[in-house]
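Topology and contacts: notes
Here's the letter readout for the chains.
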Amino acid sequence: MEKVEMEVMYGGEVEETIPRREEETEEGPGPKSRRPFRLPRLDRLILPLLVLLVALGIWETVHQTVAPMLPGPVQTVAKSWDLIRDPFFDRGPNNKGLGWQLLYSLRRVAVGFSLAAAVGIPIGFLIGAAPTFHRAVNPLIQILRPISPLAWLPIGLATFKAANPAATFVIFITAIWPIILNTAFGVQKIPNDYIAVARILKLSSWRRFTKILLPATLPYTFTGLRISVGIAWLVIVAAEMLTGGIGIGFFVWDEWNNLSLEHIILAIFVIGVVGLILDSAMGRLGRRFDYEIR
Amino acid sequence: MKYDESIDRDLIKRIETNYLEISQVSKTFEGANGVYPALRGIDLKIRKGEFVTLIGHSGCGKSTLLSIVAGLVAPSQGVIILEGKEIDGPGPDRGVVFQNHALLPWLTCAENIALAVEAVFPQMSRSEQKERVAHFLEMVGLTDAARKRPAELSGGMRQRVGIARALAIRPKVLLLDEPFGALDALTRGNLQDELLRIWEKFGTTVLMVTHDVDEALLLSDRVVMMTQGPGATIGRIVPIPFRRPRSRIELVRQSGYQHWKGEILEFLYGKGEMKRRSDRADASVKGPALVTMPQ
């Protein structure tokens, strides 16, 4: 039951849905399938493809009627074919393939996100475990949390006096809040009975942490991490537009200056796909630590 | 059988010992709306190896009393004395079986018991600890489920693991908080039989909270009946004289069974108690003044 719901929530994980479908046809309608007479692959493959086709059709129509400046799908693929064909060309510092641009962006996200996790998870545990600490820092968190990511950029630039660390700082400062808050929530949600067990057994602090606190909180932490990685990916594109250098965000800005909209559209598509991959990878990793699903 | 004086002497000594003593225990909860007196003036002495059940209507504070004995809740007044020593907080000398099993869902059954065994017997070697875990799993008939997680087990099986975990730390007192309340009648019966068998084998002192009269009659040496809260206290203590080992089928056929069952039901639902309860219901309709007081 739970798995079915997960699929609905995180729809689009094609790799995962296909083997399960085979499993079901082998066994006949198993206990998991609530509707016995489902047309195979209709709602998972054919319908999404249909929607995609309709979207492409609308796009092409828009191109041909209202916005001739905006390239249509055919033109986009044709004019950016060299970028698609070879994502890892390197013709000097200002002319690298899309693959390189992505890797540079992903590296910034990885650094900023890892720092956010490294700082955010311990703070989250502290907040969840110590009500006094919670009361002390909560107002500050609530003020800092809703600040638009890019508002932090000047602060980063002024502090680090370089574009790269500033971009990393923006990722860090925006990605940290969901990690802190979800971890703290997870700690607060630990059932009293588990704490009672730890007290009766007089578990050492270390065991209490590794055997009870950590496993009970991890699913919540991973929810935070998953939200954060999505935010980080959203933010890096915007930040790079402002900071320049190599990266998918600056690539978009650069191509706007070159007026090659086909390349921008391709980049947008790639950004979307990478975001999806990041999200589902984090989701899958999280499920591995979720005792309720496992 | 030959008469052996030493057995008698030991028996008398055992009976006379106030192994677990609940002395003048009161508990008052302070909330935002005022003060709620949950328990008042509870005195109870339990012999070593005795099986005592606390019975009463829901909300009478019997679970709170059990938590106080466990050390999980501090009494507002009074003390708990175990083997002559005042208890100070929870500890492994009092094993608790929780109503909702409280098994850690990320650990297998064996790991759940192992966590307890390793924490309480750190001086044991790894293999001794493993043997102990296996032994207690076997005792509750769950050797095959050792590697399963609680979510993969039925409610009855989970509670069995809970009992195994509580006994594996060799507690002086076993505290059971409505352990079978959430189970269906047949499973409950099986687990009662099993608990009886285990208790007869171990001879552990047991304090158990229940609201099931038949359960209390089957298992207990004494049934402690609590009055309705606020300010609940011990209303009456009934000794259950049936011979052991007991069996559920023989028990209900015994002539005294209906009598004792009647005694308990009379207390729980009898005229006096019902009158008291309806009075209180009327009072609480009029206003909360009876229950809550300004801080």
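The structure displayed is predicted, hence computed values, not measured ones.

**A word on the overall build of chain B**
Summing up its helical and strand segments, chain B has 10 helices and 10 strands in all. Across the 295 residues in chain B, those meeting the buried criterion constitute 51%. Long-range contacts, defined as pairs at least 24 residues apart, comprise 71% of the intrachain contacts of chain B with a sequence gap of at least 6. Only carbon and sulfur atoms are counted for the fraction: they give 51% of the accessible area of chain B, which is about 14,600 Å².

**Considerations on the overall build of chain A**
Helix and strand content of chain A: 13 helices and zero strands. Residues classed as buried in chain A amount to 40% of the 294 residues present. In chain A, the proportion of contacts linking residues at least 24 apart, taken out of those at least 6 apart, comes to 66%. Of the roughly 16,700 Å² of accessible surface on chain A, a fraction of 68% belongs to carbon and sulfur atoms.

**Comments concerning empty space enclosed by the protein**
Tallying each qualifying case throughout the model produces three cavities of 30 Å³ or more. Quantified by volume, the largest cavity comes out at close to 70 Å³. Forming the walls of the largest cavity are Val197, Ile200 and Leu201 of chain A together with Gly95, Val96, Phe98, Arg165, Ala166 and Ile169 of chain B. Broken down by secondary-structure element, the contributors of at least two residues to the lining of the largest cavity are α10 (192-201) of chain A together with β6 (94-97) and α5 (155-168) of chain B. If you tally residues by element for the lining of the largest cavity, the top one is α10 of chain A, at three residues. Classifying every residue of the lining of the largest cavity by side-chain character gives seven nonpolar, one polar and one charged.

**Re the pattern of salt bridges**
Following the criterion strictly, the structure yields 16 salt bridges over all chains and no others. One salt bridge connects Lys96 of chain A with Asp90 of chain A, and the closest N-O pair in it is separated by 3.1 Å. A relative accessible area of 12% places Lys96 of chain A in the buried class. The exposure class of Asp90 of chain A is partly exposed, given its relative accessible area of 47%. Here Arg188 of chain B and Asp212 of chain B are joined by a salt bridge, their closest N and O atoms 3.4 Å apart. Of this pair, Arg188 of chain B sits in helix α6 (residues 185-202) while Asp212 of chain B is found in the loop between β8 (205-210) and α7 (213-219), placing the two residues 24 residues apart along the sequence. What makes Asp212 of chain B buried here is its relative accessible area of 16%. Salt bridges linked by common partners bring Arg207 of chain A together with Glu118 and Arg126 of chain B together as one network.

**A look at the interface of chain A and chain B**
Across the boundary between the two partners, chain A contributes 16 residues, which contact 22 residues of chain B. With both sides pooled, the region where chain A packs onto chain B buries about 1,800 Å², and carbon together with sulfur makes up 70% of that total. The interface formed by chain A and chain B includes one salt bridge. Note that Arg207 of chain A is salt-bridged to Glu118 of chain B, the shortest N-O span being 3.0 Å. Linking chain A to chain B there are three residue pairs in polar contact (both at pLDDT 80 or more). Looking at the side of chain A that touches chain B, the elements that each hand over two or more residues are α10 and α11 (205-243) of chain A. Among the elements that take part in the side of chain A that touches chain B, α10 of chain A stands out by supplying seven residues, more than any other. The class makeup of the residues in the side of chain A that touches chain B is 10 nonpolar, no polar and six charged.

**Topic: the sheet that holds strand β2 (residues 34-46) of chain B**
Residues and elements named next belong to chain B. Judged by pairing direction, the sheet is antiparallel, and its four strands sit side by side in the order β2-β1-β4-β5 without closing on themselves. Of all the strands in the sheet, just β2 and β5 (85-86) have a single pairing partner and so form its edges. Contacting β1 (20-31), β2 and β4 (77-82), helix α2 (residues 62-70) runs over the sheet at an angle of about 115° to β1.

**A short note on the sheet that holds strand β10 (residues 234-239) of chain B**
All names here are of chain B. Across the sheet, which stays open at both edges, the six strands sit in the order β6-β7-β8-β3-β9-β10 with mixed pairing between neighbours. Of all the strands in the sheet, just β6 and β10 have a single pairing partner and so form its edges. Each adjacent strand pair in this sheet contributes to an overall mean axis angle of 15°, direction not counted. When strand β3 (residues 51-55) meets β8, the two strands line up parallel, connected through five bridges. In the strand pairing of β8, Ile55 is matched with Thr210. Docked against the sheet, α5 engages β6 and β7 (173-177), running at close to 175° with respect to β6.

**Details of the packing of aromatic side chains**
We describe a pair of aromatic rings using the distance from one ring centre to the other and the angle between the two ring planes. Residue and element names in this part refer to chain A. Applying the stated rule across the entire model yields 11 aromatic pairs over all chains. Seen from their ring centres, Trp152 and Phe169 are 6.1 Å apart, and the 80° between their planes marks the pair as edge-to-face. Taken together, the residues Trp152 in the loop between α7 (131-144) and α8 (153-160) and Phe169 in helix α9 (residues 163-188) connect sequence positions 17 residues apart. A connected cluster of aromatic rings, assembled from ring pairs, spans Phe125, Trp206 and Phe209.

**Description of the packing of α5 of chain B against α6 of chain B**
All names here are of chain B. Close contact between α5 and α6 brings their axes to 10 Å; oriented N to C, the two are set at 20°. Between α5 and α6, the angle is such that the two are roughly parallel. Crossing hand, α5 versus α6: right-handed. Listed contacts from α6 to Gly156, Gln159, Arg160 and Leu167 of α5 are Thr187, Leu191, Glu194 and Ile198. Split into classes, the residues belonging to the contact of α5 with α6 amount to three nonpolar, three polar and two charged.

**Some remarks on a nonpolar patch on the surface**
Residues and elements named next belong to chain A. On the surface, Leu42, Leu45, Ile46, Leu47, Leu49, Leu50, Leu52, Leu53 and Leu56 cluster together into a nonpolar patch covering about 770 Å² of accessible area. Mapped onto the elements of the fold, Leu42 is located in helix α3 (residues 42-64). According to the relative accessible area criterion, Leu42 is partly exposed, its value standing at 31%.

**A few points about the environment of Glu111 of chain B**
The residue Glu111 of chain B is located in helix α3 (residues 109-120) in this model. Along the backbone, Glu111 of chain B and Ala146 of chain B are 35 residues apart, and their C-alpha atoms lie at a distance of 8.1 Å.

**Some points on α11 of chain A**
Residues and elements named next belong to chain A. Taking 1.5 Å of rise per residue, 39 residues should cover 57 Å, yet α11 covers just 45 Å from first to last C-alpha, more than 12% shy of that figure. Of all the bends in α11, the greatest, near 45°, is centred on Leu218, and the proline Pro219 appears no more than four residues after it. Looking at the residues trailing α11, positive phi occurs at Gly244, about 80°.

Here is what the cut-offs are and how they apply
Residues numbered from 1 in each chain as written. Chains lettered and ligands numbered in written order. Predicted model: local features only at pLDDT ≥ 70, side-chain atom pairs only at ≥ 80, totals over all residues. Heavy atoms only, no water. Helix = DSSP H or I, 4+ residues; strand = E, 2+ residues; numbered from the N terminus. Buried < 20%, exposed > 50% of the residue type's maximum accessible area, 1.4 Å probe, protein only. Contact = heavy atoms within 4.5 Å. Areas by Shrake-Rupley, 256 points an atom, 1.4 Å probe, with all protein chains shown as cover. 1 Å grid on protein atoms, 1.4 Å probe; cavity = no way out; pocket = protein on both sides within 12 Å on 5 of 7 lines; lining within 4 Å. Points joined across faces, edges and corners; volume = space filled by probe spheres on them. Nonpolar A, V, L, I, M, F, W, Y, C, P; charged D, E, K, R; others polar. Salt bridge = Lys/Arg side-chain N within 4 Å of Asp/Glu carboxyl O. Buried area = accessible area lost by both parts, 1.4 Å probe. Polar contact = N/O pair within 3.5 Å; in protein donor to acceptor, adjacent residues only side chain to side chain. Pairing = 2+ DSSP bridges. Axes fitted to C-alpha atoms, helices over the stretch in contact; angles between N-to-C directions. Phe/Tyr/Trp six-rings, centres within 6.5 Å; stacked < 30°, edge-to-face > 60°. Parallel < 35°, antiparallel > 145°, perpendicular 65-115°, else oblique. Left-handed = near helix turned anticlockwise from the far one by under 90°. Patch = residues over 30% accessible without salt bridge, like charges linked within 9 Å, V, L, I, M, F, W, Y side chains within 5 Å. Expected span 1.5 Å × (residues − 1). Bend = angle between axes of the 7 residues up to and from the residue.

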